[in-house]
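# Architecture and fold: a report
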Amino acid sequence: MMDELKKTSQMYLVLDEAKDESNRISTKQVKRKLDIEVDEKNGNVTASINLKLKIGVDSYPHNLNKNINQNELSQKISRELTKQAKEITNILQEANCDPFGIGLRVSTTYPETWEKLNWDKDFKNVTIKPNVEVEIIKTGSIY
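All residue numbers refer to positions counted from 1 along the written sequence of the respective chain. Owing to the predicted nature of the model, reporting of local features is limited to residues with pLDDT of at least 70; listing and counting of side-chain atom pairs is limited to 80 or more, with chain, interface and lining totals taken over all residues. Each side-chain value is derived from all of the structure's non-hydrogen atoms; neither hydrogens nor water enter the calculation.

### Thoughts on the confidence of the model for the chain
The predicted model of the chain averages 85 in pLDDT, with 82% of residues at 70 or higher. Per residue, pLDDT captures the predictor's confidence, and it can take any value from 0 to 100. In DSSP terms, a helix is any run of H or I states spanning at least four residues, a strand is any run of E spanning at least two, and both are numbered starting from the N terminus. For the chain, per-element mean pLDDT is lowest for strand E1 (residues 9-14), which scores 77, and highest for helix H2 (residues 102-109), which scores 95.

Now the structure itself:
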């Protein structure tokens, strides 16, 4: 989410808890967009982090003998990665850690609002909305 992935990064995902099998994907391209909205009346800050990933599915072992709908699979992976991103952002906020530079963006774009905030306390109240969109551009062992 910080836009610092290497050219190719591998991840292992469990997409079906009942089967408890790892699926390996490789990121091929990452685009990140961070949008900040501030309600200047009450100082509420909302950050939307949108990731667009082009990936390769290297293994999807529990469906080796079935035809796979790539659109459905990309939606499933998108939902799982968005869920994980929400969990990560919640942990970061609890730790009062702002690695995305939301505070910096607020301070430079909305200086009047920034002056009214105590970022050490108010960061925990920021609404962070991560969203991950996945496009499968390469497949390995999924058929």
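Read on for the rest.
### Looking at the pattern of salt bridges
Within this document, salt bridges are pairs made up of a side-chain nitrogen of Lys or Arg and a carboxyl oxygen of Asp or Glu, the two lying within 4 Å of each other. The tally for this structure, following the rule as stated, stands at 1 salt bridge. Across the pair lysine 33 and aspartate 35 runs a salt bridge whose closest N-O atoms are separated by 4.0 Å. The rule is simple: take the accessible area with a 1.4 Å probe, protein chains only, and divide by the maximum for that residue type; under 20% is buried, over 50% is exposed, in between is partly exposed. Accessibility expressed as a relative area gives 30% for aspartate 35, which makes it partly exposed.

### Remarks on the packing of aromatic side chains
Aromatic pairing here means that ring centres of Phe, Tyr or Trp (its six-membered ring) are within 6.5 Å. Orientation follows from the plane angle: under 30 degrees is stacked, over 60 is edge-to-face, and everything else is tilted. Under the criterion given, the structure shown has 2 aromatic pairs. Here tryptophan 119 and phenylalanine 123 contribute two aromatic rings whose centre-to-centre distance is 5.5 Å and whose plane-to-plane angle is 50°, an arrangement assigned as tilted. For tryptophan 119, a relative accessible area of 14% puts it in the buried group. Site record: aromatic cluster; members linked through ring pairs are Trp114, Trp119 and Phe123.

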